[in-house]
Amino acid sequence: MTNHGMAQLTDLQREQWSVDGYITIEGALSPEEVEFFSGEVDRIRMLPGWEPGRGEVPRGHYAWVDHANPEPESFMDRRDLLPYHQAFIDLIDRPNVFDLIVDIMGPDLQFSMSQAIVRGGKDGFPGYTHTDGGPGQRRVRVTETSAPIALKVMYLLTDVDGPDSGNFTVYPGSHMRSFPIDGDRIPHPHGPGAVQLTGKAGDAYLFSHSLWHGPAPNNTDNGRKTILYNYSQMFVRWYDYGGVPGEILSKCTPRQKRLLGDLGHDFRPGDYFYVPEDQEAVIYQNPEIGNSAFFPGGVTSSWSADT
Ligand SMILES: O=C(O)CCC(=O)C(=O)O
Ligand SMILES: [Fe+2]
């Protein structure tokens, strides 16, 4: 696929993506950005927002809380960061990472969730391993040449130097294997094949929804801070919204609006599965570009949708 001027994976990154199911982007955020976002995570901790519902809602669901644990090094898992600062909106399509996401996903993608996670120091949490997107997505894997249903980027805001430091832990290559969900065979951060990644604040990991992954325990004194952004094919539901988040749109560029699901017209059947004619022009930010994947041979009134 032509990339219309956006950056693409190197050959090595492409091989790592297809073979391992993830890649590392060193220095994705500058030291100044790390400091800024780290401060934002501390600030947001004290503000109302969505955190994992403890007991009130089923596993994987979030509940509205007044604030998270006030201790800055302790656990926090905040969803929907966009309302907290313009910088979170602008991070959606930051070119050095977003270009690679488009290269992997193709142009018919959307932004689907944002999250700030702190893995608390010495809090006794053993870590866990999973695939992303709940039980339905867990049943869907990809081949080496397939675009993923969804992928996530994790930005490290603290250094992760040694093992059991809240490391992002992966099973390389597992994105193409089914996830064992029974008893002793459930993967965990110390299982055979698990790799506890280390990295520096500012590094980012891009990983497929079907990669077996999750946090290792954090036996250090400090919290491990991260920001995570999820992108999916446009035909998948958003994770953070029931519909297009209208209150954010006025702060967005045309590309960010499109990534948030604003197609520029009221909903009509076919939307999201068949993308607007300017989809590639908007994503590649080049008005000259037509949509190569749209209607081969042009739009005709006799053309009927392939539903
Ligand atoms: O905190 C971690 O290391 C993993 C988080 C995670 O799995 C996710 O956000 O999908
Ligand atoms: Fe995950």
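Remember, predicted model here, so these are calculated numbers, not experimental data.

Conventions and cut-offs
- Residues numbered from 1 in each chain as written.
- Chains lettered and ligands numbered in written order.
- Predicted model: local features only at pLDDT ≥ 70, side-chain atom pairs only at ≥ 80, totals over all residues.
- Near = placed C-beta within 6 Å.
- Helix = DSSP H or I, 4+ residues; strand = E, 2+ residues; numbered from the N terminus.
- Nonpolar A, V, L, I, M, F, W, Y, C, P; charged D, E, K, R; others polar.
- Core = buried A, V, L, I, M, F, W, Y, C linked by C-beta atoms within 7 Å.
- Buried ≥ 20, exposed ≤ 12 C-beta atoms within 10 Å, placed from the backbone.
- Contact = placed C-beta atoms within 7 Å.
- Pairing = 2+ DSSP bridges.
- pLDDT = per-residue confidence, 0-100.
- Expected span 1.5 Å × (residues − 1).
- Arc of directions from axis to C-beta.

This part is about the site of ligand 1. The local shell around ligand 1 consists of Gln115, Ile117, Arg119, Asp132, Lys152, Phe168, His213, Gly214, Pro215, Thr226 and Leu228. Looking at the shell around ligand 1, the elements that each hand over two or more residues are strand 5 (109–119), strand 10 (213–215) and strand 11 (224–233). Among the residues forming the shell around ligand 1, the class breakdown is four nonpolar, four polar and three charged.

Let us now look at the nonpolar core. Core analysis: the biggest nonpolar cluster contains 60 residues, and Ile101, Tyr155 and Leu206 have the highest contact counts within it. With near-sequence residues (within four places) excluded, Ile101 lies in contact with Leu151, Val153, Leu206 and Tyr231.

Spatially, 8-7-10 is the arrangement adopted by the three strands of the open sheet, whose pairing is antiparallel. At either end of the open sheet lies a strand with only one pairing partner, and these are strand 8 (195–196) and strand 10.

Attention shifts here to the confidence of the model for the chain. When pLDDT is averaged along the chain, the result is 92; 93% of the residues meet or exceed 70. Below pLDDT 50 for its whole length, residues 298–303 participates in one contact with residues either more than four positions away or in separate chains.

Along an α-helix, residues three or four apart share an orientation, since each turn contains 3.6 residues. When we look at burial in helix 4 (residues 95–105), the residues that qualify are Phe98, Leu100, Ile101, Val102, Ile104 and Met105. Of the surrounding secondary structure, the elements contacted by the buried residues of helix 4 are helix 1 (11–20), strand 5, strand 6 (150–156), strand 9 (204–208), strand 11 and helix 8 (279–283).

With that out of the way, let us pick up the environment of Asp182. Looking at where Asp182 falls in the secondary structure, it is placed in the loop between strand 7 (168–170) and strand 8. Accessibility expressed as a C-beta count within 10 Å gives 6 for Asp182, which makes it exposed. For the pair Asp182 and Leu82, spaced 100 residues apart in sequence, the C-alpha to C-alpha distance is 37 Å.

Compared with the 21 Å implied by 1.5 Å per residue over 15 residues, the 21 Å span of helix 2 (residues 31–45) between its first and last C-alpha is a close match. All buried positions along helix 2 are accounted for by Val34, Phe37, Val41, Ile44 and Arg45. Considered in projection along helix 2, the buried side chains sweep an arc of 105° and stay on one side of the axis. Structural note: helix 2 exposes Glu32, Gly39 and Arg43 on the side pointing more than 90 degrees away from its buried face.

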